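# Coordinate analysis (summary)
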Amino acid sequence: MSTKQEERHAKSAGKTASMPQVAALPYRIGDDGQVEILLITTRRTKRYIIPKGWRMKGRSDAEAAAEEAKEEAGVLGTVSKHPIGQYVYWKELSRMSIQIRVSVYALAVSEQLWQWPEQDERTRIWVHPDRAAVMISDRSLIPFIKEINNLRTTTDRYP
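This section reports on the structure supplied with the text. (Residues numbered from 1 in each chain as written. Predicted model: local features only at pLDDT ≥ 70, side-chain atom pairs only at ≥ 80, totals over all residues. Heavy atoms only, no water.)

## As for the packing of aromatic side chains
Within the structure shown, the criterion is met by two aromatic pairs. For the pair Y87 and F144, a centre-to-centre distance of 6.5 Å together with 50° between the ring planes defines the contact as tilted. Taken together, the positions of Y87 in strand β6 (residues 85-92) and F144 in helix α4 (residues 142-149) put the pair 57 residues apart, joining distant regions of the chain. Since its relative accessible area comes to 7%, F144 is described here as buried. In this structure an aromatic cluster arises from ring pairing among Y87, Y89 and F144. One residue, R28, lies across the ring of W126, its end atom 4.0 Å from the ring centre. Stacked on the ring of Y89, the Lys or Arg K52 has its end atom at 4.8 Å from the ring centre. (Phe/Tyr/Trp six-rings, centres within 6.5 Å; stacked < 30°, edge-to-face > 60°. Helix = DSSP H or I, 4+ residues; strand = E, 2+ residues; numbered from the N terminus. Buried < 20%, exposed > 50% of the residue type's maximum accessible area, 1.4 Å probe, protein only. Lys NZ or Arg CZ within 6 Å of the ring centre and 35° of its normal.)

## A few points about the pairing of β6
As paired elements, β6 and strand β7 (residues 97-112) share eight bridges and run antiparallel to each other. Pairing of K91 across the sheet is with I98, part of β7. Hairpin remark: β6 followed by β7, antiparallel, with four residues in the connecting loop. (Pairing = 2+ DSSP bridges.)

## Describing unusual backbone geometry
A positive phi angle, close to 65°, is found at K46, a residue other than glycine. In this structure, K46 sits in the loop between β2 (35-41) and β3 (48-49). Taking relative accessible area as the criterion, K46 reaches 42% and is therefore assigned partly exposed.

## Considerations on the pattern of salt bridges
Oppositely charged side chains can pair when the atoms bearing their charge come close. Overall, the coordinates contain seven salt bridges when judged by the stated rule. We note a salt bridge from R43 to E121, for which the minimum N-O separation is 3.3 Å. Residue R43 is located in the loop between β2 and β3, and its partner E121 is located in the loop between β7 and β8 (124-127); the two are separated by 78 residues in the primary sequence. For R43, a relative accessible area of 43% corresponds to the partly exposed category. Here R55 ties to D61 by a salt bridge, and the two come within 3.2 Å at their closest N and O atoms. (Salt bridge = Lys/Arg side-chain N within 4 Å of Asp/Glu carboxyl O.)

## Considerations on the environment of M56
You can see M56 is positioned in the loop between β4 (52-54) and α2 (61-73). The spatial distance from the C-alpha of M56 to the C-alpha of E67 is 9.3 Å, given a sequence separation of eleven residues.

## Quick look at α4
Those residues of α4 that sit buried are I142, F144, I145, I148 and N149. End-on view of α4: buried residues confined to an arc of 160°, all on one side of the axis. Away from its buried face by more than 90 degrees, α4 exposes P143 and K146. (Arc of directions from axis to C-beta.)

## A look at the side chain of E72
Assignment of secondary structure puts E72 in helix α2. A polar contact of 3.2 Å, which involves the side chain of E72, links it to the backbone nitrogen of K52. (Polar contact = N/O pair within 3.5 Å; in protein donor to acceptor, adjacent residues only side chain to side chain.)

## Structural notes on the nonpolar core
Note on soluble globular proteins: their nonpolar side chains tend to be buried together. In this structure, L25, I37, L39, I50, V104 and I148 are the most contacted members of the largest nonpolar core, which totals 30 residues. Among the elements of the structure, β1 (19-29), β2, β6, β7, α3 (129-135) and α4 are those that each provide at least two residues to this core. Counting residues per element, this core draws most heavily on β7, at six residues. Judged by nonpolar contacts, the second largest core, of 16 residues, contains L38, I40, I49 and W126. (Core = buried A, V, L, I, M, F, W, Y, C linked by side-chain atoms within 4.5 Å.)

Fair warning: the whole summary comes from geometry, so function is off the table for now.
Put into structure tokens, the structure is as follows:
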């Protein structure tokens, strides 16, 4: 979505309302039994984030989060039916700031694609949750990363 589209969307949402987004927290259990988190870079500033975006018409929020992970990070898997939590941030647009409320869904990654829509715009990296907590640009995600770190086997998944 372009900045102008975001601004129109924000104006239609009202000045005091927060706008909803969805995010996927991709994870896998490595061969050593340790959890790994997938981080991606932002397009412009190259900060580390998780895949996120706007809700999608005709899709549940969980499905939209999984689609963002596919488009932005090139991964497929099983997404949790319910968010593992929410956080709020302020998005700076050219003419205004808007409050965004992000619902975060766990995504147990089962496949990593060799080609995906945003592969030329982003870098992806698998890291241990302790390292992810240091690298992630949005500190509000640290509790979610720590929660995912408690998983130890492929059967310890979010439903």
